[in-house]
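What the coordinates show
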Amino acid sequence: MLGRKKYIDIAKAFGICLVIFGHLICGNGYLSNIIFSFHMPLFFLLSGYTEKRREMFGGGWGEYIALQFKRLIFPYILFYAITVLFVGYFDLNGFVRDTYLAHAGAYNNFSGHLWFLVCLFFVKLLAFIFNQFYDSGYKYVALIFLIIIFSMTKVFPPELFPYCRYPFKIDSAIIALPFYLLGQIVSKKDSDESFPFSCPHDKRLIFYICVIFALVGLLFEPTLNGSVNIVFLQTNDIVLYYLFAIIGCFAVISISKLIEHKIKYFHLIGKYSLYFFMFHWLFILLWVKIVSFYRHQVISAMGNMAYIDCILGLIFVLIMTSFCTYIYLGIFKYIKHKIYGSSIT
């Protein structure tokens, strides 16, 4: 894949805003259920989309693992260290336990979101094995590989396959693997003009209708499949889980493609989505302070506070992500100007 595609960054921007917003309104069952049904599958799918094939097949096992360790595990350690500085103390046993379990803040409450980096690391390793078999002509071996690893999770009936949680969120990585592989498929097809994301606008009527149906379909997720969370392997009906997750991913990517030439700066939030993901716990702390303040100021007679929380939470997320993006770009341009001079633009 040559260069960055703006609509992919826009999709990441939607995704990270939904992640932050979903954590802010986790008490709102219906809306949070819709968001949690697809927001993390979206990131796994986009990770597969942006995977550079030359990196996956340009070298051997050692080179690929070293590259992913540098990109995912090293940032995990770095961001964990930052949360330790915020907490004010460090316990080696707690760090090992958090890392081994990849638990949502089992020891350090501010490190819960870091599970994604560990999980994505193993998703990439599993995808590497699958693609090595599949692209070498051993398609049946690749299929058997998928069946074996899925039997390690509770996808299959427990009376047929014994199940327990595995360390490093490996079982969550297995559930996320199809989204990653689907992203790779979408990436290869995206250069084909017959593919919906690339076809001319005058041939997209059916495509538009599908997007509308996808958005409407998401409204039924809480009713049909309830609360889901890939972190805790809570998928309920696995078929419905994958169905609604793919529908949500399709809707977000499609909308991103449709508006990529209509908005100027939103894609920058997606470009730096990793930083927002790693530091959005600071947003949550600030939001808790804001909620505590205005709930003491607002008369309860105004109505259901949950709806007010949702509206204000969405505004808060958009303002904070936009503000931090511009601050980051301003600092970056200032440093570049100081280093390279005014001739650099």
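Parameters at a glance
- Residues numbered from 1 in each chain as written.
- Predicted model: local features only at pLDDT ≥ 70, side-chain atom pairs only at ≥ 80, totals over all residues.
- Heavy atoms only, no water.
- Helix = DSSP H or I, 4+ residues; strand = E, 2+ residues; numbered from the N terminus.
- Buried < 20%, exposed > 50% of the residue type's maximum accessible area, 1.4 Å probe, protein only.
- Contact = heavy atoms within 4.5 Å.
- Areas by Shrake-Rupley, 256 points an atom, 1.4 Å probe, with all protein chains shown as cover.
- Polar contact = N/O pair within 3.5 Å; in protein donor to acceptor, adjacent residues only side chain to side chain.
- Axes fitted to C-alpha atoms, helices over the stretch in contact; angles between N-to-C directions.
- Parallel < 35°, antiparallel > 145°, perpendicular 65-115°, else oblique.
- Left-handed = near helix turned anticlockwise from the far one by under 90°.
- Nonpolar A, V, L, I, M, F, W, Y, C, P; charged D, E, K, R; others polar.
- Patch = residues over 30% accessible without salt bridge, like charges linked within 9 Å, V, L, I, M, F, W, Y side chains within 5 Å.
- Salt bridge = Lys/Arg side-chain N within 4 Å of Asp/Glu carboxyl O.
- Core = buried A, V, L, I, M, F, W, Y, C linked by side-chain atoms within 4.5 Å.
- Phe/Tyr/Trp six-rings, centres within 6.5 Å; stacked < 30°, edge-to-face > 60°.
- pLDDT = per-residue confidence, 0-100.

For the rest of this paragraph, the subject is the overall build of the protein chain. Counting secondary structure elements, the protein chain contains 15 helices and zero strands. Expressed as a percentage of its 345 residues, the buried residues of the protein chain come to 46%. Of the contacts formed within the protein chain by residues at least 6 apart in sequence, a portion of 73% connects residues at least 24 apart. As displayed, the protein chain has an accessible area near 18300 Å², and 70% of this comes from carbon and sulfur atoms.

On to the side chain of Thr321, then. Tracing the backbone shows Thr321 in helix α15 (residues 305–340). Separated by 3.2 Å, the side chain of Thr321 and the backbone oxygen of Leu318 make a polar contact. In this structure, Thr321 is in contact with Cys17, Ile20, Ile269, Phe276 and Phe283, ignoring residues within four places of it in sequence.

Before going further, it helps to examine the packing of helix α3 (residues 39–50) against helix α9 (residues 170–189). In the contact formed by α3 and α9, the axes pass within 6 Å of each other and the chain directions differ by 45°. With respect to α9, the element α3 is oriented oblique. Of the two possible hands of crossing, α3 and α9 adopt the one that is right-handed. Residue-level contacts link Pro41, Phe44, Leu45, Ser47, Gly48 and Tyr49 of α3 to Ala176, Phe179, Tyr180, Leu182, Gly183, Gln184, Val186 and Ser187 of α9. In the contact of α3 with α9, the residues fall into nine nonpolar, five polar and no charged.

Let us look at unusual backbone geometry. A positive phi is found at Lys169, a non-glycine position, where the angle reads about 55°. Take Lys169: it is sitting in the loop between α8 (139–150) and α9. Judged by relative accessible area, Lys169 falls into the buried class, the value being 5%. Even without being glycine, Leu233 reaches a positive phi, approximately 60°. By the secondary structure assignment, Leu233 is in the loop between α11 (221–225) and α12 (238–259).

On the surface, Ile311, Leu312, Ile315, Ile319, Phe323, Ile327 and Ile331 cluster together to form a nonpolar patch covering roughly 650 Å² of accessible area. Its location among the elements puts Ile315 in helix α15.

Our next topic: the side chain of Ser47. Along the chain, Ser47 turns up in helix α3. Reaching out from Ser47, the side chain makes a polar contact with the backbone oxygen of Phe43 at a distance of 2.8 Å.

Glancing now at the nonpolar core. By size, the foremost hydrophobic cluster in this structure holds 89 residues, and its most contacted members are Met40, Phe44, Phe116 and Val123. By residue number, the principal contributor to this core is helix α7 (residues 115–135), which donates 14 residues. Not counting the four nearest positions on each side in its chain, Phe116 is found in contact with Met40, Phe43, Phe44, Ser47 and Phe277.

As for its position among the elements, Ile10 is in helix α1 (residues 6–24). With 261 residues separating them along the chain, Ile10 and Lys271 place their C-alpha atoms 8.2 Å apart. Apart from residues lying up to four places away in sequence, Ile10 is in contact with Ser256, Ile259, Glu260, Ile263, Phe266 and His267.

The final tally for this structure, using the stated rule, is two salt bridges. Its salt-bridge partner being Lys124, residue Glu51 comes within 3.0 Å of it at the nearest N-O pair. Taken together, the residues Glu51 in the loop between α3 and α4 (53–57) and Lys124 in helix α7 connect sequence positions 73 residues apart. Neither Glu51 nor Lys124 differs from the other in exposure class; each is buried. As a salt-bridge pair, Glu260 and Lys257 come within 3.0 Å of each other at their nearest N and O atoms. On the basis of relative accessible area, Lys257 is assigned to the buried category, the value being 16%.

This part takes up the packing of aromatic side chains. Summed over all chains, the structure comprises 25 aromatic pairs. For the ring pair Phe43 and Phe116, a centre distance of 6.3 Å and an interplane angle of 70° mean the geometry is edge-to-face. In this pair, Phe43 sits in helix α3 while Phe116 sits in helix α7, placing the two residues 73 residues apart along the sequence. The pair Phe43 / Phe116 is uniform in exposure class, with both members buried. Ring centres 4.7 Å apart and planes at 20° place the aromatic pair Tyr64 and Phe128 in the stacked group. One end of the pair, Tyr64, is in helix α5 (residues 61–87); the other, Phe128, is in helix α7, and 64 residues separate them in sequence. One exposure class covers both Tyr64 and Phe128, and it is buried. Through a chain of ring-to-ring contacts, three or more aromatic side chains come together here, namely Phe43, Phe44, Trp115, Phe116 and Phe277.

Glancing now at the confidence of the model for the protein chain. For the protein chain, the average pLDDT comes to 80, and 75% of its residues sit at 70 or higher. Averaged pLDDT values for the elements of the protein chain fall to 57 in α4 and rise to 94 in α3.

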